[in-house]
Amino acid sequence: MDWSELRARFLVDEDEAILALHKPAGISVTGERHDSDLVELAAAAGETLYPVHRIDKVTSGLVLLAKELGAHGQLTRQFNKQTAAKAYLAIVASSELPDTGVIDLPLSVGRKNRVRIAAPRESIRREADRWFVADADLLDTKNYPSRTDFATVLRRDDYAVLALRPITGRRHQIRVQLAWIGHPIVGDPLFDKSGAHERTYLHSWRLGLTADWRTPPELALEATPDAEFWRPIQAEPGEADELLCRARELRRGLG
């Protein structure tokens, strides 16, 4: 797919300063060494874009890019200060999560640059609906405080649909935290080696940021998952819309 086709097909919002796309799973935002990525495709077509944030190659959904450096600086500062309102959807291989929860587990980088929880797996504790590790159990390495809040939208068979709010924005944060508490994302190649699923069921769903060049001065963006995203739970026609309505209600409760 060339840039003009991809840009038109997956456009979510655009103005003089930003471009928001609904990225399909399987293409990187930037920094791809062995294949094309969004920024490279745009550059090859003569358009310079600056990523405001990144989502993993295997993750589908909302990606925000800046067309000019002033907007880029304003928007990235909100991510850095953790004031950007982010929401994700995920389907996990478990139906035993609580209605709401907090995963407060710091991350570190282990062998082969792999992201992991910055403590032994057996030291992860759960009190009420919060997962954490004691400071005394942290590994003797640099660690990065990382928190994800979630609400359970649906339980069906051996799966659950989650609405997630990552407070921090660490690399692989949602994927690693869910896997280490025993609820991995379906089809995640970091933790599922079965090859039974065609994609990873993690979706960048919504973004809310301040944008002083707009009237009103805000960005409220949403990328609706396509029908393929709901495949593990075999959602009936029309059910996906009901799940998104419920996810919006539950997401408001996460702050």
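These figures come from a predicted structure and were not determined experimentally.

1. What to know about the overall build of the protein
Thought 1: A count of helices and strands for the protein gives five helices and 14 strands.
Thought 2: For 255 residues, the compact-globule formula gives about 18 Å, and the C-alpha radius of gyration of the protein, at 18 Å, lands near that figure.
Thought 3: Along the three orthogonal principal directions, the C-alpha set of the protein runs to about 50 × 45 × 40 Å.
Thought 4: Expressed as a percentage of the 255 residues in the protein, the buried residues total 49%.
Thought 5: Contacts spanning at least 24 positions in sequence make up 65% of the contacts within the protein whose residues lie at least 6 apart.
Thought 6: Taken as a whole, the protein presents about 12800 Å² of accessible surface, with 46% of it coming from carbon and sulfur.
Thought 7: When the 35 positive and 38 negative side-chain charges of the protein are each reduced to one mean point, those points stand 5 Å apart.

2. Looking at the environment of A240
Thought 1: As for its placement among the helices and strands, A240 is situated in helix α5 (residues 239–252).
Thought 2: A240 sits in the buried class, given a relative accessible area of 18%.

3. Brief notes about the nonpolar core
Thought 1: By size, the foremost hydrophobic cluster in this structure holds 40 residues, and its most contacted members are W3 and L178.
Thought 2: Mapped by element, the contributors of at least two residues to this core are α1 (3–9), β2 (18–23), α2 (38–44), β4 (60–66), β5 (85–92), β8 (115–117), β12 (159–166) and α4 (173–180).
Thought 3: It is α4 that contributes the most residues to this core, five residues altogether.
Thought 4: Sequence-distant contacts of W3, that is, excluding residues within four places in its chain, are made with L19, L21, L38, L41, A42, A45, E47 and L49.

Quick notes on the rules
- Residues numbered from 1 in each chain as written.
- Predicted model: local features only at pLDDT ≥ 70, side-chain atom pairs only at ≥ 80, totals over all residues.
- Heavy atoms only, no water.
- Helix = DSSP H or I, 4+ residues; strand = E, 2+ residues; numbered from the N terminus.
- Rg over C-alpha atoms; globule rule 2.2 N^0.38 Å.
- Buried < 20%, exposed > 50% of the residue type's maximum accessible area, 1.4 Å probe, protein only.
- Contact = heavy atoms within 4.5 Å.
- Areas by Shrake-Rupley, 256 points an atom, 1.4 Å probe, with all protein chains shown as cover.
- Lys, Arg positive; Asp, Glu negative; His and termini not counted.
- Charge placed at Lys NZ, Arg CZ, Asp CG, Glu CD.
- Core = buried A, V, L, I, M, F, W, Y, C linked by side-chain atoms within 4.5 Å.

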